[in-house]
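# Fold and geometry: a report
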Amino acid sequence: MSRLTKVDDLIDSRLMARLDRLDVISRKIFTGKIQGERRSRRRGQSVEFADFRNYSHGDDLRFVDWNIYARLDRLFLKLFLEEEDLSMVIAIDMSQSMDGGTPNKFDYARRLAMALGYIGLVNNNRVSLFGFGAERIERLTGMRGRRRTREMGQWILSRTAEGTEGFSDAMRTIALGGQGRGVLLILSDFLYPDGYEKGLAYVAGRGFDVFALQLLAPEEMDPARHGVAGDLRLIDSETGKETEVTASTSVLTQYRASLETYVAGLRDFSVRRSITHQVVETSLDLETLLLDYLRRRGLLA
Amino acid sequence: MTQTSLLAVAWLAPVAATILGLTTIPPLLALYFLRLRRTRRVIPSTMMWKRATQDLRANAPFQRLRFSWLLLLQLIALAMLILAIAQPQIDLGESSASRVVFLIDRSGSMNAKDAPADLTRLEEAKRLASDRLRSLHGGGLFAGPSPSVMVVAFAKDAQVLCPFTDNLAQAIEAVNAIQSTDETTTLTDAFELARAFTTVTNPDEQKASIADPPSYELFSDGRIADLDRTTLRGGERVVFHSIGKPTTANVGIAAVAAARTPDRPDEVQVFARVVNWQPQPYAGDLEVVVDGRLRAVTPKPVDVPGAQDNDLLAVRLPGETQVVFPSLALPQGGVIEVRLATHDALVADDRAAVVASPPEALRIALVGRGSFVMKSLLEGMPLKLLEVFSLDDWNGRLRDDPYAPDAFDVIVLDDAMPESIARGRYLIFHALPIGVGISSYGTKEFATPSSIRDEHPLLRYVNLDDLFVTSMTAVAAGGETDVIVEASEGPMILTLNRGPLSFVYVTFDPMESDWPFQRGFVNFFANSIAWLAAGGTAVAVEPLIPGDVAKARLPAGAKDATMLLPNGKSVAIASQDPSSISWGPLRSSGIYRINWTAPISSGGSGPSSIAYAVNMNSSVEGRADAATEVKFATERIAGVNTGASTDSSAWPWLLLIALAVLCLEWWVWLRRV
């Protein structure tokens with residue numbers, strides 16, 4: 001597949017049409033900054049009654065329940081459920097390790113981010129995009145509404161994968177960035193030499209409904225079936241370090257076992273912190289992912 | 001071309017193969033020790049691979065050598081190439097030559113018993129040669145047309161036992177007919193003999209040429225005396241079958257001699273020279289056997305130093321020790337044999353013998369007045385010849401022939417002095433010897449001995465206590481004389497031994513003394529005759545060596561002459577002239593004896609015999625350690641240990657194998673890539 005050069009490469013009209021019917025749901029009810037289209041535990045100005053509370057000085061007299069005042073001679077204030085918007089944060093791993101695989105993992109991440117962001121925008125959610133690499137965090141925040149789609153697409157297209165990963169710092173920034181509570185979608189391969197635990201721990205304790213989408217190329221999932229054989233000098237695209245491997249049957253078997261152990265470790269870590277983990281092979285059709293996998297995992301509805 | 005034998009294969013170029021092996025195999029292994037030349041591949045992350053392989057060794061310059069089919073095949077191919085370059089010569093049961101000459105050594109050292117199955121080397125050589133003959137005619141996958149074979153046995157000389165023939169049975173029969181000898185080894189004759197059968201003379205050319213040079217199959221222990229004088233001609237090829245063990249040690253008796261002692265003519269002193277061909281010193285007893293009876297043993301073991309190798313001359317110098325035995329009483333002669341008390345692999349030189357001749361009857365000349373007393377004494381002795389000369393007659397004979405004294409064992413000068421006594425053995429009474437440094441200063445009367453050397457053999461059984469001399473010549477003797485009896489007036493009896501001249505001089509006339517009336521005079525006379533006749537000379541004839549011919553002059557009319565061999569067999573001697581017979585060659589060591597029946601008319605009354613001692617020359621043939629190669633004058637041939645080597649080139653097969661392995665290696669590599 002050729003690399004992405006324009007917004008239409010990120011998402012086509014047919015997919016957009018199918019995504020229009022989807023919305024992002026969250027297992028949690030968050031406090032938004034503006035009124036949105038979803039119910040919030042925060043009491044607000046909607047028409048749906050929630051509760052009473054005693055009047056205190058300074059309260060808006062328009063919400064005083066005068067009927068109760070007439071019966072009890074006491075001032076009570078009527079509280080209503082407020083409909084709030086959803087903050088949707090999409091974090092894209094822009095390390096060099098993402099720029100590999102067939103199909104390319106970074107391209108896949110960008111297309112997936114575009115699709116998820118589009119769903120967020122058309123549902124009037126507050127969409128924020130973060131791209132993180134080594135000592136760099138690039139962001140596009142506070143987007144709302146379908147009209148920001150092209151802007152979002154342009155921003156995604158201009159991202160490049162280079163350098164080493166900076167996962168922990170990025171997660172720390174997102175956690176402390178005041179983006180508002182919402183859904184955090186992490187698009188990464190999670191192959192971090194320094195580990196993923198610290199970064200996930202930052203966001204897991206901050207009220208985000210975190211989805212860790214682990215993007216792996218097919219040759220990473222099963223090297224033997226994708227031409228990895230013989231005496232090889234493997235060069236790490238991110239660090240440039242070389243590893244000499246004789247891809248014998250036993251080594252390939254051991255590789256698959258190691259990958260499974262690693263993925264299982266990430267899954268266990270995520271489950272213990274209420275993080276949804278999903279392995280995504282980049283050969284998987286994006287539409288299938290969105291309309292089938294992520295719906296089943298409860299991200300989209 | 002130099003051949004080296006290893007693993008029963010002759011290698012024509014072992015050095016080149018060794019160099020190639022040393023320069024190619026280590027780098028090949030090093031390449032496998034070093035990191036493989038791997039395909040570079042950029043992947044997103046190597047983290048999983050590192051975890052999977054844990055191949056941390058890849059970061060080191062060397063890795064543990066792991067089994068690899070590619071490496072194995074490459075090593076096999078390389079080994080085949082190296083072996084091919086070494087040009088191995090392997091027995092494939094065929095010979096490239098159309099004619100093969102079998103040269104079989106039958107010298108004395110081939111009697112060493114160190115071959116397998118307790119065989120002698122010659123027996124082993126015959127067995128191997130027979131096997132070789134069968135393989136040449138045996139056909140088979142690699143066999144070419146059977147060559148014609150000739151069998152030549154060689155030792156001191158060469159003998160064709162079977163001319164070129166295609167008949168296998170005839171050739172094997174000739175090989176089996178080879179008899180052992182104790183002769184020395186010469187190979188030149190064998191080559192010349194073989195070449196005589198292969199040389200053709202082209203009348204159009206000036207010189208003869210060898211048509212189709214034969215291949216020689218040499219079966220020998222390699223101890224050949226004239227190797228340095230032997231050269232191979234163009235096209236000639238030698239396969240050396242080394243027979244025997246290179247570690248076989250041998251000690252032998254190189255020489256033996258016997259001589260009568262001057263003081264006791266009826267006693268014999270025996271001398272022997274022992275040689276040791278082994279590097280280690282040897283200590284052992286020697287025995288002296290006379291006519292089959294043990295007569296003496298060395299009082300303590302004889303120490304013989306070990307042999308030394310002279311690298312410069314490329315020869316081995318044996319350790320030697322001279323042994324002198326105590327005197328043996330041997331008045332009648334006999335066969336004196338010296339033996340080693342212990343035997344080694346080569347038995348033939350563990351003994352050596354000499355034949356001591358029986359004392360011969362003497363030839364005596366009496367010159368001078370011919371007194372009755374002396375003439376009577378001489379006539380009473382068992383003489384062969386007694387001639388009486390007047391002084392004038394003797395002088396006349398001397399003038400005619402200065403060597404006339406040599407015709408007599410002893411010349412008795414009875415108060416007479418010839419014109420010259422430059423040579424000969426004399427018993428002189430009273431007359432003053434001339435020209436020998438003895439001067440007279442007058443005549444003394446009434447002398448009696450004052451100093452007597454009783455121990456001298458001249459005075460054995462001689463009592464001079466009652467000797468009274470009325471008149472004696474007073475002489476002044478020089479330093480060369482030995483005074484035996486002396487009176488106060490001067491020497492009475494003295495001796496001189498100077499070159500060809502020896503004499504006993506009695507300074508007085510016995511007739512002017514009472515000595516003739518005493519028994520001691522008779523004994524003195526006989527002692528003097530015996531002492532002068534036999535003093536210090538060897539009693540034994542020089543022993544023969546294997547290969548010599550025994551010659552004898554039998555008495556006229558002798559008949560039924562037979563030769564008794566060392567092995568006990570008796571062979572009739574057919575000779576037209578019994579007075580001059582010869583028999584031989586005497587190929588084995590030991591005692592040979594010619595027996596005959598003496599004619600009655602000559603006074604003989606029965607069989608008579610002459611003994612001959614034939615001793616193996618241990619100084620030349622005694623080295624028993626087999627050589628692993630033979631060094632000709634121009635080239636060196638390595639020995640093969642088997643009897644059926646044909647030295648066919650194996651390198652084409654090796655190259656074929658190497659090519660096949662390389663193809664297999666290529667296929668394996670393609671499959672892996």
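Per chain, residue numbering runs from 1 following the sequence as it is written. As a convention, the first chain written is A and the first ligand written is 1, with the rest following in written order. Under the rules for a predicted model, residues below a pLDDT of 70 receive no local features and side-chain atom pairs below 80 are neither given nor counted, while totals for whole chains, interfaces and linings still include all residues. Note: side-chain values were computed over all heavy atoms of the structure, leaving out hydrogens and water.

## Here's the deal with the overall build of chain B
Numbering of helices and strands runs from the N terminus, with a helix taken as a DSSP run of H or I at least four residues long and a strand as a DSSP run of E at least two residues long. When you go through chain B residue by residue, the secondary structure sums to 11 helices and 43 strands. Exposed residues in this analysis have more than 50% of their type's maximum accessible area, buried residues have under 20%, and partly exposed residues fall in between, with area computed by a 1.4 Å probe over protein chains only. Across the 673 residues that make up chain B, the buried fraction comes to 48%. The contact definition used throughout considers only heavy atoms, calling two residues in contact when any of these lie within 4.5 Å. The contacts in chain B between residues at least 6 apart in sequence include a share of 69% that link residues at least 24 apart. Each accessible area is a Shrake-Rupley estimate made with a 1.4 Å probe; only the visible protein chains count as cover when residues are assessed. On chain B, roughly 32,000 Å² of surface is accessible, and the fraction owed to carbon and sulfur atoms is 55%.

## Observations concerning a nonpolar patch on the surface
Patch definition: residues with relative accessible area over 30% and no salt bridge; like charges joined within 9 Å; nonpolar side chains (Val, Leu, Ile, Met, Phe, Trp, Tyr) joined within 5 Å. By convention in these notes, a salt bridge is any Lys or Arg side-chain nitrogen within 4 Å of a carboxyl oxygen on Asp or Glu. Judged by side-chain polarity, Leu61(A), Trp66(A), Tyr69(A) and Leu75(A) come together as a nonpolar surface patch covering roughly 380 Å² of accessible area. Tracing the sequence through the fold places Tyr69(A) in helix α3 (residues 66–72).

## Describing the interface of chain B and chain A
Contacts between chain B and chain A engage 23 residues on the former and 33 residues on the latter. Summed over both partners, the accessible area (1.4 Å probe) lost when two parts come together is defined as the buried area. Between chain B and chain A the total buried area reaches about 2,800 Å² when both faces are included, carbon and sulfur atoms providing 60% of it. Of all residues in chain B, Arg41(B), Pro44(B) and Trp49(B) bury the most surface against chain A, accounting for 28% of the area lost on that side. Linking chain B with chain A are one salt bridge, by the criterion used here. Residue Arg40(B) pairs with Glu242(A) through a salt bridge whose shortest N-O separation is 3.4 Å. We define a polar contact as two N or O atoms separated by no more than 3.5 Å, with the added condition that, inside protein, one atom must be a possible hydrogen donor and the other a possible acceptor, whereas residues neighbouring each other in sequence contribute only through side-chain atom pairs. Linking chain B with chain A are eight residue pairs in polar contact (both at pLDDT 80 or more). Residue assignment for the side of chain B that touches chain A shows that the elements contributing at least two residues are β3 (39–43) and α2 (47–53) of chain B.

## Regarding the sheet that holds strand β10 (residues 215–220) of chain B
Residues and elements named next belong to chain B. We treat two strands as partners when DSSP finds at least two bridges between them. Strand order in the open sheet made by the seven strands is β7-β6-β5-β10-β11-β42-β41, with mixed pairing throughout. Each end of this open sheet is capped by a strand with a single partner; those strands are β7 (158–165) and β41 (629–631). When the angles between neighbouring strand axes are averaged without regard to direction, this sheet yields 20 degrees. Bridge count for strand β6 (residues 148–154) against β7 is five bridges, and the pairing is antiparallel. Among the inter-strand pairings, Val152 is bridged to a residue of β7, identified as Val160. Where helix α5 (residues 168–176) meets the sheet, it contacts β5 (99–105), β6 and β7, and its direction lies at approximately 170 degrees from that of β7. Every axis in this analysis is a line fitted to C-alpha atoms, fitted for helices over the stretch in contact. Angles between the N-to-C directions lie between 0 and 180 degrees. Contacting β5, β6, β7, β10 and β11 (237–242), helix α6 (residues 188–198) crosses the sheet at an angle of about 30 degrees to β7.

## A look at the sheet that holds strand β8 (residues 230–236) of chain A
Across the sheet, three strands lie side by side as β9(A)-β8(A)-β3(B); this open sheet has mixed pairing. The open sheet is flanked by β9 (242–247) of chain A together with β3 of chain B, the only strands paired with a single partner. Across this sheet, the average inter-strand angle for adjacent strands is 35 degrees, counted without regard to direction. Examined bridge by bridge, β8(A) and β9(A) share six bridges and lie antiparallel to one another. Of the residues in β9(A), the one forming a bridge with Leu234(A) is Thr243(A).

## A word on the environment of Asp514(B)
Residue and element names in this part refer to chain B. With respect to the element layout, Asp514 can be found in the loop between β33 (501–506) and α9 (519–534). Note on Asp514: relative accessible area 26%, which makes it partly exposed. Sequence-wise, Asp514 and Val469 are 45 residues apart; in three dimensions their C-alpha atoms are separated by 7.0 Å. The residues touching Asp514, leaving out its near neighbours within four places in the chain, are Asp466, Leu467 and Phe468. Polar contacts involving the side chain of Asp514 include one to the main-chain amide nitrogen of Phe468, which spans 2.9 Å.

## Concerning the confidence of the model for chain A
All names here are of chain A. Along the chain, pLDDT gives the predictor's confidence residue by residue, from 0 to 100. Summarising the model, chain A shows a mean pLDDT of 83, and 88% of its residues fall at 70 or more. Predicted confidence in chain A is weakest over strand β1 (residues 35–54), with a mean pLDDT of 58, and strongest over helix α5 (residues 149–157), with 92. Scored below 50 in pLDDT, residues 29–43 makes 61 contacts in the model with residues more than four places away or belonging to other chains.

## Examining the pairing of strand β26 (residues 410–414) of chain B
Residues and elements named next belong to chain B. The element β26 is extensively covered by neighbouring structure, given that five of its five residues are classed as buried. On β26, burial covers both faces: Val410, Val412 and Asp414 on one face and Ile411 and Leu413 on the other are all buried. As defined by bridge partners, strand β24 (residues 362–368) adjoins β26 across five bridges and the pair is classed as parallel. Counterpart to Val367 in the pairing with β26 is Leu413. Bridge count for β26 against strand β27 (residues 424–429) is four bridges, and the pairing is parallel. Counted as the bridge partner of Val412 is Leu427 from β27.

## Considering the environment of Val64(A)
Residue and element names in this part refer to chain A. Looking at the secondary structure, you find Val64 in the loop between β1 and α3. Judged by its relative accessible area of 3%, Val64 falls in the buried class. With 14 residues separating them in the primary sequence, Val64 and Lys78 have C-alpha atoms 6.0 Å apart. Setting aside chain neighbours within four positions, we find Val64 in contact with Tyr55, Leu75, Phe76 and Leu77.

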